[in-house]
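A look at the structure
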Amino acid sequence: MDDTSTAPKAKATAASSVEQSLYEKREKIYPREVHGTFAALRVTAVSVLLGLFYGVCWLRWDGHQAVLFDLPARKFYVFGLTFWPQDFLLLTLLMMLAALSLFFFTALAGRLWCGYACPQTVWTEVFLWMERKIEGNRLQQMKLDKAPWSARKLRIKATKQFAWIAFSLWTGFTFVAYFTPATDLLAKTAALSLGPWETFWMLFYGFATYGNAGFMREQVCKYMCPYARFQSAMFDKDTLIVSYDEARGEPRGSRRPSADPKELGLGDCINCTMCVQVCPTGIDIRDGLQYECIGCSACIDACDDVMERMNYPKGLIRYTTEHALEGKPTRIVRARTIIYSVLLLGVAGLFFYLLGSRAPLGLDIMRDRNQLYRERGGLIENVYMLKVLNLRDAERAFEITAAGIDGMLVDGPGEPVRVAGGDVAEVPVVLRASESELPERSTPVTFTLRAADDASVSVTEGAKFLGPGR
Amino acid sequence: MELLAKTRWMPVPQRFGAVLWLSFLMATAATGVFFSILDPDDLRYCVPFPEVSRMAAYSIGFFLFWLLTAVSGVLAVTFTYPPPPNPDETPHSNG
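Helix length check: helix α3 (residues 88-109) of chain A, at 22 residues, gives a terminal C-alpha distance of 31 Å against a target of 32 Å (1.5 Å per residue), a fit within 8%. One or two positions beyond α3(A), positive phi appears at A:Gly110, with a value near 70 degrees.

Structure follows, in structure tokens:
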């Protein structure tokens, strides 16, 4: 019976200590290792995502690296697609798609992103795994940190740091490998002939990984993450959250496995604090929904394990919604999810439409800056420099025509311009027109660039033809 | 005033972390927009360092953006603090 009376008090102190620790000097959190359904799911997600990150930079496609953001050449390769600076709108749409998906999934199922996909979670998971392999389990780690420095402690700590730093450097290398072709980068690294910026970014990204995943960990989520602060705006009472079933669990208290909790006047929570020990952000889920909860569901796995051993039904801590906890039905289709999905579909549709209708050629027109116009042989002459962009991967020939003034003469390259795949050719073109056709100082003209092998592939750009005026 | 006194502020290191990280995100976005419109090679004749490579220009541009966004972040955080009480007001008490 004692447990019953102390339970609310224990809860209150737990709550206030959590509140204090928020802005207190940070104490290192030693999350206990956890096994179970959601842990397996997270390990799968981590393996797939990291496998993609470390692996994709080594894939080849059509003679180039499959995914390469070639900044020096201002071209992005993504498998069969090549993106140019003029495709910036597509990148913006892609960002909007990513943001809207985040909103959509947050509204549906809470912080899925944080728990399974965020780089902070993913890399922290790997760093924790290395720490566990080298320093041992939670208790061993705590003991080691408390112990005075010794040869053994130094050896273990040095091994961990070595593993962490090596992994971080490899991460930094992989990051840069998306900007400088991976094979070149490897050769340059082996020959110690990396460029200054490559070296810098490799160390920068490596250091960021080391600092974020090795040391800052949950601090990043608590203090630095904008999503953690804004996600509550996407929540409602129908959003899946990791939640402790207070009605079932309270009053909490320890008891023998054989004891009947009803007889003791206890709820199902045996107050074993497993859920607190496994929490990577160091909170007590039993205090209710907190913004520090990254929805990793480690506490669900831990609690289910305990419930199983106690022969109680699982799910004292589970994915549920506020409505479900109140005994009301949970609606998946609701205004919020409908709005997010309509926006998502709209932006996705626009993105794929624009992606599909990208013209595989581009034309930039620059006027000769030295002279506005000149007179030659009774005609007014304007000089232009045309930049012909072949946005395909294969070589192509292009024809250039101009229109806009009656009787205008076009003095161009004469024959189709051959441009290598993904290359730019500069073509000077001279336009000549009779002064009698130029009533104004400035007359609009158009240039049309057309693929020689396919007349439907064309682009028309406007320019100005300058004359003396009348 | 009582409310402000009770408000708990984030500790200084975390505050710097927050400013640095958020300004980093903004600087990334700004760099992306800026250099997708402007090719540093086209600026070659307008800047005093024509020998700067594109890679260097992107990197330097990014850090300049980061500096700008971080400075504005630090200033914004500083200015959200309550100002120090005026000296002639402090002895005043509600006795």
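Right, picking up where we left off after that structure.
Here we come to the interface of chain A and chain B. Contact residues are listed per partner, giving eleven residues for chain A and 15 residues for chain B. With three residues, the top contributor of residues to the side of chain A that touches chain B is helix α10 (residues 218-224) of chain A. By residue class, the composition of the side of chain A that touches chain B is nine nonpolar, one polar and one charged.

Residue and element names in this part refer to chain A. Read across the open sheet, the four strands follow the order β13-β11-β15-β16; overall the sheet is antiparallel. Lying at the two open borders of the sheet, with one neighbouring strand each, are β13 (417-419) and β16 (454-466). Between one strand axis and the next, the sheet turns by 30 degrees as a mean value, whatever way the strands run. The pairing of strand β11 (residues 396-403) with strand β15 (residues 442-451) spans six bridges and is antiparallel.

We now examine the environment of A:Met96. All names here are of chain A. Positionally, Met96 belongs in helix α3. A tally of 17 C-beta atoms within 10 Å means that Met96 is categorised as partly exposed. Residues Met96 and Tyr244, 148 residues apart in the sequence, show an inter-C-alpha distance of 34 Å.

So, about the confidence of the model for chain B. All names here are of chain B. Mean pLDDT for chain B: 79, with 75% of residues reaching 70 or above. At the low end of the mean pLDDT range in chain B sits helix α1 (residues 2-6), at 53; at the high end sits helix α3 (residues 54-79), at 91. Scored as a complex, the prediction yields pTM 0.80 and ipTM 0.76.

Analysis parameters
In this convention, every chain numbers its residues from 1, walking through the sequence in written order. Chain letters start at A and ligand numbers start at 1, both assigned in the order the entries are written. It should be noted that, the model being predicted, local features are given only for residues of pLDDT at least 70 and side-chain atom pairs only at 80 or more, the latter also being counted only at that level, while totals for whole chains, interfaces and linings use all residues. Where helices and strands are cited, they refer to DSSP runs of H or I of at least four residues and of E of at least two residues respectively, numbered from the N terminus. The span expected for a helix works out to 1.5 Å for each residue beyond the first. We call two residues in contact if the C-beta atoms placed from their backbones are at most 7 Å apart. When residues are sorted by character, Ala, Val, Leu, Ile, Met, Phe, Trp, Tyr, Cys and Pro go into the nonpolar class, Asp, Glu, Lys and Arg into the charged class, and all the rest, Gly among them, into the polar class. Only strands joined by at least two bridges in the DSSP assignment are considered to pair. A fitted line through C-alpha atoms serves as each axis, taken over the contacting stretch for helices, and the angle formed by two N-to-C directions is quoted from 0 to 180°. With C-beta atoms placed from the backbone, a residue counts as buried when 20 or more other C-beta atoms lie within 10 Å of its own, as exposed when 12 or fewer do, and as partly exposed for counts between those limits. pLDDT measures how confident the predictor is about each residue, on a scale from 0 to 100.

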